[in-house]
Amino acid sequence: MPEYELLSDYPLLAHNTFGFDVRAKYAVRLTEEAQIASLARDERVKNAARLVLGGGSNVVLTQDFDGLALLMELRGRHVIREDADAVYVEAGAGENWHEFVAWTLSQGLPGLENLALIPGTVGAAPIQNIGAYGLEMGERFDTLRAVELSTGDMREFDSNACAFGYRDSFFKREGRGRFVIVSVTFRLPKKWVPRAEYADIARVLENGSSDSPQAIFDAVVAVRQAKLPDWRVLGNAGSFFKNPVIGAAEFSALKAREPDLVSYKQPDGQFKLAAGWLIDRCGWKGRSIGAAAVHDRQALVLVNRGGASGAQILELADTIKRDVYARFAVELETEPVCL
Ligand code: EPU
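One numbering rule holds for all chains: residues counted from 1, following each sequence as written. Thresholds applied to this predicted model are a pLDDT of at least 70 for local features of residues and 80 or more for the giving and counting of side-chain atom pairs; totals over whole chains, interfaces and linings are not thresholded and use all residues. Only hydrogens and water are set aside when side-chain values are computed; all heavy atoms of the structure are taken into account.

## Let's talk about the nonpolar core
- Ranked by size, the top nonpolar core spans 42 residues in total, and within it Trp97, Phe100, Leu144 and Phe186 carry the most contacts.
- Only DSSP runs of H or I covering at least 4 residues are called helices, and only runs of E covering at least 2 are called strands; the numbering of each starts at the N terminus. Listed by contribution, the elements that provide at least two residues to this core are strand S7 (86-92), helix H2 (97-106), strand S10 (141-148), strand S12 (179-189), helix H4 (199-206) and helix H5 (213-227).
- Residue contributions to this core peak at seven residues, all from H5.
- If sequence neighbours within four positions are ignored, Trp97 has contacts with Leu112, Leu115, Ile118, Gly120, Thr121, Val122, Ala125, Ile130, Met137 and Phe186.
- With 34 residues, the next largest nonpolar core counts Ile246, Leu254, Ala275 and Val324 among its residues. The term nonpolar core refers to a set of buried residues drawn from Ala, Val, Leu, Ile, Met, Phe, Trp, Tyr and Cys, joined through side-chain atoms within 4.5 Å. Buried means the residue's accessible area, taken with a 1.4 Å probe over protein chains only, is under 20% of the maximum for its type, while exposed means over 50%, and partly exposed covers the values in between. We call two residues in contact when some of their heavy atoms are within 4.5 Å.

Written as structure tokens, this is what we have:
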């Protein structure tokens, strides 16, 4: 049976990017896939609830976790095959996402550059289908392998089985809490087509010389560094709310009242609104309740100014939701997983 050390009363402070000082009753560092199947048979933790933690960058831990935290440290990144159109690259779930993106570029394999500097791990990327600056991970996804927690069996999921949506997948819904993703394979097209239309990126590239993969990577890094707080300095979990999508009739009525409303027409005729703009308009940017605050350069990001609890962040989030609803009659949906 593959060995692992069962840790008790384990501090999760270094395992969540909000920097909440909570503990897990048990924890285990997973460095080999086979350890997960062994865990399924481990009598000591048979009935303990499971919490899978990659970088802890999309989770709000509001209290101590009365179960077993699986700390994902599975490594490895390889080109596994290629066909006429694409190169397929597999990475272990515990690989740091940004380092993985940088590595693909260093191997001459562009395609993920728009997703540079997103915090977290490779294994977490499919769960919320990470996206930024005109690209969603699902567009570069091939398959993933995941272990079913209850049985220890390995399963492969293709794109259909993952049911990717906007910041959404099978693993956030029906599959929630049932699987541990151990590796992800990406399909990187050989013909590179730049994605440089996003306004912030286009603006940076205008001042530069090319739209090479590296130039887009650098532009994304520059924009993110200018707008989004570094969780090592100011705890956060990225965007705290999804950008809401509303119907055409509702949109027209709102736009008539709020001519500056920022919106993006969707292929199905609905409209996606910029939640950051809605929150900003309600006057929340830079404001706080105690140490739980709204970031002063991006109102969609809630931050821990030091010593805030998860419950205080949720209280701030609820207050913002109420204000946005009162002014725009639009409901905001929380994006990170709250526990
Ligand atoms: N805006 C404001 N005030 C603010 C924030 C935004 O007026 O305080 C306006 C901006 O001026 C812009 C619009 O809202 O016109 C959109 O802002 P931005 O380009 O910063 O993007 P976003 O919609 O707020 C989304 C993603 C981010 C991703 C960026 C870039 C979601 C929930 N968030 O943010 O993803 O990096 O687009 O693609 O879709 C994340 O998911 O954690 C995340 C950071």
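More follows now that the structure is in view.
## Re the layout of surface pockets
- Computed over the protein atoms alone on a 1 Å grid, cavities are sets of points where a 1.4 Å probe fits but cannot get out and pockets are open sets with protein on both sides within 12 Å along at least five of seven lines; a residue lines them when it has an atom within 4 Å of a point. Grid points are joined across faces, edges and corners, and a volume is the space filled by probe spheres set on the points. One number sums up the size of the second largest pocket: a volume of about 710 Å³.
- What lines the second largest pocket is a set of 32 residues, and nearest its centre among them are Asn96, Pro119, Gly120, Trp231 and Arg232.
- When residues of the lining of the second largest pocket are traced back to their parent elements, those giving at least two are strand S5 (65-72), H2, H5 and strand S13 (235-239).
- For this classification, Asp, Glu, Lys and Arg are treated as charged, while Ala, Val, Leu, Ile, Met, Phe, Trp, Tyr, Cys and Pro are nonpolar and the rest, including Gly, are polar. Looking at the lining of the second largest pocket, its residues break down into 11 nonpolar, 13 polar and eight charged.

## Thoughts on the site of the ligand
- Taken together, 24 residues surround the ligand, and among them Tyr133, Tyr166, Tyr198, Asp280 and Gln298 come closest.
- Under this definition, polar contacts are N or O atom pairs within 3.5 Å; protein pairs additionally need one hydrogen-donor-capable and one acceptor-capable atom, and for neighbouring residues in sequence, both atoms have to be side-chain atoms. In this structure, Ser239 approaches the ligand through a main-chain N or O atom, which is 2.8 Å from an oxygen atom.
- Shrake-Rupley sampling with a 1.4 Å probe provides the accessible areas, and residues are treated as covered by the protein chains on show and by no other component. Compared with its free state, where it exposes 830 Å², the ligand has 83% of that area covered by protein.
- Of all the secondary structure elements, the ones that give two or more residues to the shell around the ligand are strand S8 (131-132), H5, S13 and helix H7 (275-281).
- Per element, the largest residue contribution to the shell around the ligand is three residues, and it comes from H7.
- Each domain's limits were defined by an automated method or a database of domain assignments. A domain-level breakdown of the shell around the ligand finds at least three residues from each of domain 2 (77-189) and domain 3 (235-338). One heavy atom within 4 Å of a molecule or strand is enough for the residue carrying it to be called near that molecule or strand.

## Considerations on the sheet that holds strand S11 (residues 154-158)
- The strand order across the open sheet built from five strands is S6-S7-S12-S10-S11, with neighbouring strands paired in antiparallel fashion. Each end of this open sheet is capped by a strand with a single partner; those strands are strand S6 (77-82) and S11. Across the sheet, the axes of successive neighbouring strands diverge by a mean angle of 25°, strand direction being ignored.
- Whether two strands pair comes down to DSSP finding at least two bridges between them. When S7 meets S12, the two strands line up antiparallel, connected through seven bridges. Note on S12: the bridge partner recorded for Val87 is Leu188.
- Each axis is a line fitted through C-alpha atoms, taken for helices only over the stretch in contact, and angles between the N-to-C directions span 0 to 180 degrees. Packing of H2 onto the sheet brings it into contact with S6, S7 and S12, and relative to S6 it is tilted by some 50°.

## Side note on unusual backbone geometry
- Not every positive phi belongs to a glycine, and Leu117 is a case in point at roughly 65°.
- Tracing the backbone through its elements, the reader meets Leu117 in the loop between H2 and S8.
- Backbone geometry places Tyr133, a non-glycine residue, at a positive phi of 50°.
- What makes Tyr133 buried here is its relative accessible area of 11%.

## Observations regarding the pattern of salt bridges
- Whenever a carboxyl oxygen of Asp or Glu lies within 4 Å of a side-chain nitrogen of Lys or Arg, that contact is scored as a salt bridge. Throughout the structure, instances matching the rule amount to 21 salt bridges.
- The residue Arg29 makes a salt bridge to Glu73 at a minimum N-O spacing of 2.4 Å. A residue pair is termed long-range when its members are at least 10 positions apart, and Arg29 in strand S2 (residues 23-30) and Glu73 in the loop between S5 and S6 qualify at 44 residues.
- Residue Arg29 is classed as partly exposed on the basis of its relative accessible area of 36%.
- The class for Glu73 is partly exposed, based on a relative accessible area of 27%.
- In this structure, the salt-bridge partner of Arg44 is Asp42, at a minimum N-O distance of 2.8 Å.
- Beyond isolated ion pairs, a larger network of salt bridges with shared partners links Glu33, Glu90 and Arg145.

## Looking at the UniProt feature "domain: FAD-binding PCMH-type" (unreviewed entry) in the protein
- Residues annotated by UniProt as "domain: FAD-binding PCMH-type" (unreviewed entry) correspond here to residues 20-191.
- Secondary structure content for residues 20-191 is 12% helix and 37% strand, and the end C-alpha separation is 43 Å. UniProt positions are given in the numbering used here, feature names are shortened, and annotations may be inferred rather than shown by experiment.

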